[in-house]
Every structure is written in structure tokens, then in C-alpha cells.
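Chains, contacts and geometry: an overview
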Amino acid sequence: MEINEISQSGGKYGAGEIQVLEGLEAVRKRPGMYIGTTGPRGLHHLVYEIVDNSIDEALAGFCDEINVEILPGDVIRVTDNGRGIPVGIHPTAGIPAVTVVFTVLHAGGKFGGSGYKVSGGLHGVGSSVVNALSEWLEVEVRDGKNIYHQRFERGNIKSDLEVVGPTSKKGTTIVFKADPEIFKETTVYDYETLQTRLREQAFLNAGVKITLKDLRDNDNVIEDDFKYEGGIKSFVEYIHKKRALEVVHDNVISFSGVLPGNSASAEIAFQYNDSYNELILSFANNIHTMDGGTHEDGFKRAFTRVINDYARKYNLLKDGDRNFSGEDVREGLTAIISVKVRNAQFEGQTKTRLGNTEIKGLVDGILADKFTTYLEENPAIAKAIVEKAISASRARDAAKKARDLVRRKTAMESASLPGKLADCQSNNPEETEIYIVEGDSAGGSAKNGRDRKFQAILPLWGKMLNVEKARLDKVYGNEKLMPVITALGCGIGEEFDLSKLRYGKVIIMADADVDGSHIRTLLLTFFFRFMRPVVEQGHIYIAQPPLYRISKNKKHFYAYTDEERDNILKDLSGNTEIQRYKGLGEMDAEQLWETTMNPETRIMLKVSLEDAAVADETFTILMGDKVEPRREFIEQNAKYVQNLDV
Ligand code: TSJ
């Protein structure tokens, strides 16, 4: 451990005395350098940073319970039943080791010799950074004899480490309040964000019990327990259950292995479902490697090879047949890859790509050996997997044919734009907009109300395609989606080219009811799956038509929420007339322009990639074959989803 960063040594700190250590001042000056952002992400990152330490203790084999509580005032309390952060005097710093942990930059983890730190946040900082960015932080250590306590404020020691009582228990508790001076946007935690992350950590660390409690509202205490003996196998089961996906074989397949010398270990779990989507989630030292890396590369390479070898050996692929592509064998596959590496190298701009070259061989080797044996020993499952790959391969050929057909048609017909499209005059995407409108009457009002210079209208009609169950070839033939594809001009799938997008803004305009919500979700799901960059680059918007028109003395006011309606009614007081719009079709062209389409006055929601991903998930739940998760979803969202027929 490096202690030379500490600016005083051997000192006794008097309570109340303010000691600023150079390192921590730097953290407060440039918080972004240490936690990425001081927005909500950075705020939640503080919690992960603290919890990671308890997870390390669990990985070392000394802790099996971690409790995370959100207290009133958005104070966080994390408690574990590990050995307790060491309280002895640190040999070089001359102060208690626990104090070093919170006051010296990079002091997390590795003291005591045996510490094998594998977890750690995105930016690999530590508890001292959390301390520096907290208005106050208190630590309590229980070593089986005494309870120790120390308090810090904005990184400064406020009280010395002192014994505050006896105990027979062991463990560590950290309580902290994120500093509003640093987290200017918000210091309010989102329960679901913490829930998702803690559940994920429980999957990745089999057998560790993690609890989350929200105690901010006395009348509404929320609590979740996560403990998965099955580890990442349970993770795969959870994903399939949550997404209401039907599985192709009963059991999740899983393998694990280590490198000689124990410098790294890998666990792999996967299962096929009957959808056409591939979902591979990879982790290195419990960090989600969003950009993949050597572990994912090794998995993909070996996975494709093993299945091709098997299919050749048993003549399921004949002499003249092409090998399956990676996409073919991964269609409908959900896989989790989790590796623990002693010296993990994270690469790329966001440091979410694993770079250690030896890991590719580790994962490849595990699959080559164990998956090959598995297929030999489970011929029925092997057959199901190969058949799925054959069907994927055929569908890919069919999609290519369908695409070529569309291309040829497009080339032949001079007017290749959809017949129902009312195009705009400008062809400069910097200023053009397309309204995708559900319903013919609304489409009519929109056409008449628009500014035809830059606003195009595409009414949607025809039968909805279940995008969840659709491969590309189905999308190519679909009468509802094809006009959207041709109107936007940028293609889908392999053909996709963002530079050909014909409109800068793609605006979904649908009623504010359940059917409207359904069509919005469908379109978002479609864009998310088949034109993701259009979403990523912020081209998708949702129009916000008003819910009410309030009239008084021939003057009209529009309200977009119930709250707005009440405020307007209060302001106007007496003799008003309220019209509740049931659909876009009830507005005439002028009203629609004024309230929803005029750039000067309209309200629009810009869709983020996250919104689209949520829509994708929601859609999967609503459209899936399984009844249970659907009911659960509707119950949870009952307040938002009214009048829904179940
Ligand atoms: F982040 C933190 F430091 F504030 C923190 C540390 C927060 C929480 C909630 C827990 C912990 C933590 C640290 N729990 N358990 C430990 N264990 C050690 O620090 C520890 C104990 C003993 C030995 C040893 O070698 O005897 C080594 C270590 C790393």
C-alpha cells in the first residue's frame, strides 16, 4: 500500500479539528474524474462503491449478508457481517487502518496481505472517494469485542476512531449522506436502480444474501431480498421468466474453469428460448463489460465452432452445407459470462471492455472441452440446438431474398414512397419531420393541419406485427411497418444507413389511451430492435396531445395533465366548459396544429435509448405467451394502465 500520499503521519486528530488531506481535496475539486459524473449515475455509484467492499469480503469467504438501506433524507446505510475493517494502527501511516481507508486515495482493499480484490466500480476508486463526496460519513466496525466508531465530514476527520461499546458480533456499517454541494442535480436515490444493480450482484456472487430496504417513507416501506444459490444459472432463469420467454430446453447449461495458478476463473451459463433475439451479458470482476472483450470473444468463437463441429460429426450439416454463422447459433440464446481476473485490464473509452488476452483462451477452452462433452451426453438437447441454428440460417437466407425483392421493387417503381405518405416539400433532414399517426381520422387532421414545408404525415394502418416474434424477413413483408421503413429511407438490419434517414425528427403521434400506448410501445420496440442508431442519435420523439380543452368566454385553454387542468380551472374560476379528448380524431386540423404540431407551442418527449429499451421489455412482457408475468406487470402498473382488458 502506498501511504506517501498522506500529508500527516503518526498524528493524533482532535475531535472537531479539520484536517484536509491533499488527495481528497482533489476529489472534491474534480469529482467527475473519480466517479464519471455528478448526475444521478454518479450518485448511485457511491452506493456501489461501498457495497463492492462488502462483496470483496464475501468473495474472501468471510461475509454472507449485506444490507443496504435508504434512510429518510436519502442517507445510505450499508451493513455487512464480515470481519470488520481492521482497526489496528497502520504500520506506515501510524493511524488506524480504517481511518486510512477513508482518508487516503486508492486505499481500498488490499491491506492485510491476503486481500484478493476482484470487485470494484467502473472507475476503480474507493471508499475515500465516497467519503470525500459525502456531506458526512460514519463508519462502525464490530470486531467481536468492541464497537468502533468514527465520523467524517466532506472527507475531513470529525472524530477519532473510538470504542463506543461492547459487542459479540463482527461486521462493518457505513452510513453516509451524499453532498448536495457536489451532487447539485439530485441526491435522491432511485429504488429500482439500486434494486437492479444489487440483484445483479447477488446473481454474480452465489449464496450471498443482499437485502435492500427503502425506509424513506414510513407509510410505505419497501424491501427486497436477493439470494441465489444458483448464481448466474439463476440469472438466466430470471431473465427468461421476467421476459416471459418460453425455453427450448428445461435446464440452464453451465460450465466453469480456472487458469493454472488460479490467476483467473470463469463461469458460463446459457439457455435457448423460442425468440429470435440474442442476449449475452458479460462481467469481469462483477463489472458489467458492456463492450464485451476477450471473455465474450472467446465464448462466441468456441460456441460457434463447437456447434458446427457437432453438426458436421453427426451429419446434421451435410457436405454441401455452409457452416452456421455466429448469429445462427446465437439466435434465441441468453448467456451470462462471468470472469474473475486478478489483474483485470479494462479498455475503451468507457472502460467496459475486458482486455486480458489470456481470458479468451480460458473461456474458449472451457467450452471446447465441456460443451462438446455436454452435447455428446445430451443428444436430445444437442438436436434441438442444431435445429434452431438450421432454422435461423434458413431465415437469414429468406430475409436476404425478401430484402433483395424489396430492393428490386424499389428500383423499378419510380414512386417508391408509400402511397399514404403525405410528404413535405423540403428534403433537408435538418428541418424535416415525419409524424407517424395511428388512425385514419387523426391522419386526416394532421395532413390538413401541418406545415407542409417541413412536416410529412404517415398514417399507419393494417395489422400489427408482433415484433418480439419476428425475424427480419417478417418485418420486410409487414404492411404496417414497411411504409415506415420506406418513408424513413434508412433501411433496417444489415442494410441500415443512418445517413439516408429522410427526416431529422421522427414523431410518434398516438392517442393518450391504452391502444395509443400499445402502438407507441410497438414502434419504439421496432426502432430499438431494427433501427437502434436512430434512437441512439435522438431522432425519435413522442407527440404530446392535450388531454383537455377548457373554454371560457370563447377562449380556449389546453391542459396536458390532470394537474394542469386543475390549475387552469382554479385560475379561470366559474363558468368554464371542459372537453376531455378521447382521441386525436376529436381535434380538428387547426386544434391539432395549435396544440400538438406547431413547433412554437407543442410539447414533445425526446426518446432516449433507455426509454426504448424499457418499451422493448414492456412489450415483451405484454405480448409474451406466458400469462403469469403479464398479470404481474399489469398489477404493478395498475395505476397507469386503466381500462385494460385482461
Ligand atoms: F468501503 C468501505 F471501506 F467503507 C467498506 C468496507 C464498506 C463496507 C460496507 C464494508 C467494508 C468491509 C471491509 N467489510 N469487510 C471488510 N473487510 C476488510 O476490510 C478486511 C478485514 C480483515 C482483513 C484481514 O486480512 O484480516 C482484511 C480486510 C480487507
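Residues numbered from 1 in each chain as written. Predicted model: local features only at pLDDT ≥ 70, side-chain atom pairs only at ≥ 80, totals over all residues. Heavy atoms only, no water.

1. Quick look at the overall build of the protein
Under the convention used in this document: The helix and strand labels rest on DSSP assignments: H or I over at least four residues marks a helix, E over at least two residues marks a strand, and numbering proceeds from the N terminus. Each residue gets one of three labels from its accessible area relative to the maximum for its type: buried under 20%, exposed over 50%, partly exposed in between, using a 1.4 Å probe on protein chains only. Throughout, a contact is declared for two residues whenever any of their heavy atoms are within 4.5 Å. Here, Shrake-Rupley sampling with a 1.4 Å probe gives the accessible areas, and only protein chains in the shown set may cover a residue.
Within the protein, the secondary structure is distributed over 20 helices and 23 strands. Here the protein, with 646 residues, has 51% of them falling under the buried criterion. Of the contacts made within the protein by residues no fewer than 6 positions apart, 68% connect residues no fewer than 24 positions apart. For the protein, the accessible area works out to roughly 30500 Å², and carbon and sulfur atoms hold 48% of it.

2. Quick notes on the sheet that holds strand β21 (residues 555–559)
Quick note on the threshold: Pairing between two strands is assigned when DSSP locates at least 2 bridges connecting them. Where helices are involved, their axes are fitted lines through C-alpha atoms of the stretch in contact, as for all axes, and angles between N-to-C directions lie from 0 to 180°.
Across the sheet, three strands lie side by side as β21-β20-β22; this open sheet has antiparallel pairing. Each edge of the sheet is formed by a strand with only one pairing partner; in this case those strands are β21 and β22 (577–580). In this sheet, neighbouring strand axes are inclined to one another by 20 degrees on average, regardless of whether the strands run parallel or antiparallel. Bridge count for strand β20 (residues 548–552) against β22 is four bridges, and the pairing is antiparallel. Across the sheet, the residue bridging to R549 is Q579, located in β22.

3. Let's talk about the site of the ligand
How we decide: Only heavy atoms are used to decide nearness, and a residue is near a molecule or strand if one of them lies within 4 Å of it. Any pair of nitrogen or oxygen atoms within 3.5 Å is treated as a polar contact; in protein, a donor-acceptor pairing is required on top of that, and neighbouring residues in sequence qualify only through side-chain atoms on both sides.
As a structural note, the neighbourhood of the ligand is formed by 18 residues, with N53, S54, E57, D80 and F102 the closest of them. Separating a nitrogen atom of the ligand from a side-chain N or O atom of D80 is a distance of 2.7 Å. One nitrogen or oxygen atom from the side chain of R83 is found 3.5 Å from an oxygen atom belonging to the ligand. Calculation on the ligand without its partners gives an accessible area of 610 Å², and the protein chains cover 87% of this total. Contributions of two or more residues to the shell around the ligand are made by α3 (40–59), β2 (75–80), α4 (97–103) and β6 (170–178). Ranked by residues supplied to the shell around the ligand, first place goes to α3 with four residues.

4. Remarks on unusual backbone geometry
One non-glycine residue, R154, adopts positive backbone phi at about 45 degrees. Relative to the helices and strands, R154 is located in the loop between β4 (146–153) and β5 (156–166). The exposure class of R154 is partly exposed, given its relative accessible area of 29%. Phi at N286 is positive, roughly 70 degrees, even though this residue is not glycine. Tracing the backbone through its elements, the reader meets N286 in the loop between β11 (279–284) and β12 (287–288).

5. Comments concerning the environment of N428
Mapped onto the elements of the fold, N428 is located in the loop between α11 (379–412) and β16 (433–438). A relative accessible area of 33% means that N428 is categorised as partly exposed. In this structure, the C-alpha to C-alpha distance between N428 and G504, residues 76 residues apart in sequence, is 8.2 Å.

6. Focus on the pattern of salt bridges
Stated precisely, the cut-off is as follows: Within this document, salt bridges are pairs made up of a side-chain nitrogen of Lys or Arg and a carboxyl oxygen of Asp or Glu, the two lying within 4 Å of each other.
Following the criterion strictly, the structure yields 30 salt bridges and no others. R77 serves as the salt-bridge partner of E69, at 2.8 Å between the closest nitrogen and oxygen.

7. A word on the sheet that holds β16
On the basis of which strands lie adjacent, the open sheet formed by five strands has the order β17-β16-β18-β19-β23 and mixed pairing. The two strands at the open ends of the sheet, each matched to only one other strand, are β17 (455–460) and β23 (604–606). The average undirected angle you get between the axes of adjacent strands in this sheet is 25 degrees. When β16 meets β17, the two strands line up parallel, connected through six bridges. Considered in β17, the bridge of E433 is made with Q455. Against the sheet, helix α15 (residues 514–530) engages β16, β17, β18 (505–509) and β19 (540–543), with an angle of about 150 degrees to β18.

8. Looking at the pairing of β11
Counting buried positions over the six residues of β11 gives five, a clear majority of the element. One ladder, built from six bridges, connects β11 with strand β13 (residues 333–341); its direction is parallel. The partner of L281 across the bridge, within β13, is I336. The sheet contact formed by β11 and β12 spans two bridges and is antiparallel. By the bridge assignment, F283 is partnered in β12 with H288.

9. Considerations on the side chain of R520
Summarising the element assignment, R520 is placed in helix α15. According to the relative accessible area criterion, R520 is buried, its value standing at 17%. At a separation of 3.1 Å, a polar atom in the side chain of R520 contacts the main-chain carbonyl oxygen of D511. With near-sequence residues (within four places) excluded, R520 lies in contact with I508, A510, D511, A512, D513 and I542.

10. Observations regarding the confidence of the model for the protein
This is how the line gets drawn: Each residue carries a pLDDT score, the predictor's confidence in it, ranging from 0 to 100.
Taken as a whole, the protein shows an average pLDDT of 86; of its residues, 86% reach a score of 70 or greater. Between residues 1–21, whose pLDDT stays under 50, and residues either more than four places distant or in other chains, the model counts 41 contacts. Under a pLDDT of 50 for its full length, residues 411–415 has, in the predicted model, zero contacts with residues more than four places off or in other chains.

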